[in-house]
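Fold and contact review
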Amino acid sequence: MKLVRKDLEKDNAGQVTLIPEEPEDMWHTYNLLQVGDSLRASTIRKVQTESSTGSVGSNRIRTTLTLCVETIDFDSQACQLRVKGTNIQENEYVKMGAYHTIELEPNRQFTLAKKQWDSVVLERIEQACDPAWSADVAAVVMQEGLAHVCLVTPSMTLTRAKVEVNIPRKRKGNCAQHDRALERFYEQVVQAIQRHINFEVVKCVLVASPGFVREQFCDYMFQQAVKTDNKLLLENRSKFLQVHSSSGHKYALKEALCDPAVTSRLSDTKAAGEVRALDDFYKMLQHEPDRAFYGLKHVEKANEAMAIDTLLISDELFRHQDVATRARYVKLVDSVRENMGTVRIFSSLHVSGEQLGQLTGVAAILRFPVAELSDQEDDSSSEED
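Residues numbered from 1 in each chain as written. Predicted model: local features only at pLDDT ≥ 70, side-chain atom pairs only at ≥ 80, totals over all residues. Heavy atoms only, no water.

1. Re the nonpolar core
What counts, and what does not: We define the nonpolar core as a collection of buried residues of types Ala, Val, Leu, Ile, Met, Phe, Trp, Tyr and Cys that are connected through side-chain atoms lying within 4.5 Å of one another. Each residue gets one of three labels from its accessible area relative to the maximum for its type: buried under 20%, exposed over 50%, partly exposed in between, using a 1.4 Å probe on protein chains only. Counting from the N terminus, the helices are the DSSP runs of H or I reaching at least four residues and the strands are the DSSP runs of E reaching at least two.
Judged by nonpolar contacts, the single largest core of 32 residues is most densely connected at Met-142, Phe-185, Ile-193 and Phe-217. Going through the elements one at a time, β8 (136-143), β9 (146-152), β10 (157-164), α3 (176-196), β11 (202-209) and α4 (213-227) are the ones with two or more residues in this core. At 8 residues, the largest contribution of residues to this core is made by α3. By size, the runner-up hydrophobic cluster in this structure holds 31 residues, among which are Leu-65, Leu-81, Ala-98 and Ile-102.

2. Describing the domain arrangement of the chain
Keep this limit in mind: For the domains described, the bounds stem from an automatic or database domain assignment. Note on definitions: a residue-residue contact is assigned when non-hydrogen atoms from the two residues lie within 4.5 Å. The term buried area denotes the loss of accessible surface (1.4 Å probe radius) that occurs when two parts are joined, taken as the sum for both partners.
Assigned domains within the chain: domain 1 (2-48 + 55-129), domain 2 (137-268) and domain 3 (271-366). Averaged C-alpha coordinates put domain 2 and domain 3 at centres separated by 33 Å. Each partner contributes to the interface: domain 2 provides 13 residues, whereas domain 3 provides 13 residues. A buried area of about 1,100 Å², summed over both sides, lies between domain 2 and domain 3, and 65% of it is on carbon and sulfur atoms. Of all residues in domain 2, Thr-157, Lys-254 and Leu-257 bury the most surface against domain 3, accounting for 39% of the area lost on that side.

3. Describing the sheet that holds strand β1 (residues 2-8)
Selection criterion: Strand pairing is assigned whenever DSSP detects at least two bridges linking the two strands. Note on method: axes are straight lines fitted to C-alpha atoms, helices fitted across the in-contact stretch only, with angles between N-to-C directions ranging 0 to 180 degrees.
Here we have 7 strands laid out as an open sheet, ordered β1-β2-β7-β3-β4-β5-β6, and antiparallel in their pairing. Two strands close off the open sheet at either side, each with one partner strand: β1 and β6 (99-104). Within this sheet the neighbouring strands show an average axis-to-axis angle of 35°, counted without direction. Its contacts with the sheet place helix α1 (residues 23-32) against β2 (14-19), β4 (56-75), β5 (80-87), β6 and β7 (110-114), and it is angled at close to 70° to β4.

4. Focus: α1
The element α1 is extensively covered by neighbouring structure, given that 9 of its 10 residues are classed as buried. Those residues of α1 that sit buried are Glu-24, Asp-25, Met-26, Trp-27, His-28, Thr-29, Tyr-30, Asn-31 and Leu-32. As for α1, its buried residues are in contact with β2, β4, β5, β6, β7 and α2 (119-128).

5. What about α2?
The α-helix advances 3.6 residues per turn, and as a result positions three or four apart in sequence lie on the same side. Spelled out, the test is: We define a polar contact as two N or O atoms separated by no more than 3.5 Å, with the added condition that, inside protein, one atom must be a possible hydrogen donor and the other a possible acceptor, whereas residues neighbouring each other in sequence contribute only through side-chain atom pairs.
Among the 10 residues that make up α2, 7 are buried, leaving the element largely enclosed by the rest of the structure. Restricting attention to buried positions, one finds in α2 the residues Val-120, Val-121, Leu-122, Arg-124, Ile-125, Gln-127 and Ala-128. Two to three positions downstream of the cap, the backbone nitrogen of Val-120 sits 3.1 Å from a side-chain oxygen, assigning the N-cap of α2 to Asp-118.

6. Here we look at the environment of Arg-367
Within the element layout of this structure, Arg-367 appears in the loop between β16 (362-366) and α12 (375-384). Of the residues examined, Arg-367 reaches a relative accessible area of 32% and is grouped as partly exposed. Arg-367 sits 60 residues away from Ala-307 along the chain, and the two C-alpha atoms are 5.3 Å apart. Once residues within four sequence positions are removed from consideration, Arg-367 is found in contact with Arg-291, Met-306, Ala-307, Ile-308, Asp-309, Asn-339, Met-340 and Gly-341. A polar atom in the side chain of Arg-367 sits 3.0 Å from the backbone oxygen of Met-306. A distance of 2.7 Å separates a polar side-chain atom of Arg-367 from the backbone oxygen of Asn-339.

7. Considering the pattern of salt bridges
What counts, and what does not: For this document, the term salt bridge refers to a Lys or Arg side-chain nitrogen within 4 Å of an Asp or Glu carboxyl oxygen.
According to the stated counting rule, one finds 15 salt bridges in the structure shown. For Arg-82, the salt bridge identified is with Glu-103, shortest N-O distance 3.1 Å. Of this pair, Arg-82 sits in strand β5 while Glu-103 sits in strand β6, and the two are 21 residues apart along the sequence. A residue is classified by how much of its surface remains accessible, and Glu-103, at 34% relative accessible area, is partly exposed. In this structure, Asp-229 and Lys-231 form a salt bridge, with 3.2 Å as the shortest nitrogen-oxygen distance.

Given below as structure tokens:
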């Protein structure tokens, strides 16, 4: 993401002009936008024209519109972002108050104005514009007959390909069918890797599986690469890292990212940091439950006692349509930082973020034990949520 201009007032009202440069920048943009914001960008509008003879035709005209945002639609697989709203600035082709949908796309600048830019949104802009945040990891999570080829970016886990091949069982004295099917499966996974992984960007490719599947697959892949003189795979051989996972399903990727060999290799990536923090939280919950809280009300109580060492919070909560609820989460983040705590904002598109979402989206590791809240308060908290 490229920051073109930032004009903020003392009360944090103002506007920011950005150019998204990569597909992932669309995800950052999605998290910046809120209903009620003002978005200015170029778009195409179908305009009816009447000729001097009275015949009516229609032309597609590129124009710049300023919309008051009403609905935001993000397609995580295609990384496309559509914003619908009403026109709030004079335009020769579009009436004031008329509805229009702008499709934001990479390499096209837009200006976003807000009545108040909070700390979480401003931090996201900093991260999106810092090239150090785009350290990418790829992963192949597999078992016999099933594989997922994923890209793990700082903000999301994207499944780029799913390979499924029916593998017949080995029969006594006849393994030919099984071996042929397995070879066909491996070949399809190799093709998916070459099609979906950009080795110029990716630092590391995790190959995760139960048993010996990963070893057999890697042996097959590099034998074929030598036979066919596949320079792409041979030159990037050192980037492949084999790790254990319990299955070939996408959720098993979390185990692979937890592997000590992986965390040391990926220590500079946000994804590894999130997984490590969530793992620490679960360990604390198991061994010292008085130092591991989740749920907004419990976490706020711990924060009042200045007990929070690490706050784990999902970016999904900052997209809440209710301004007061969103402000409550932002206030919590700011307060934890003021009290010298660490804040980790998880992406809801990461496997770790999905897991945190199952724990209400907010959790905390505490510096010291805080007595549990009463069951009565717990009940009222669930009713409130």
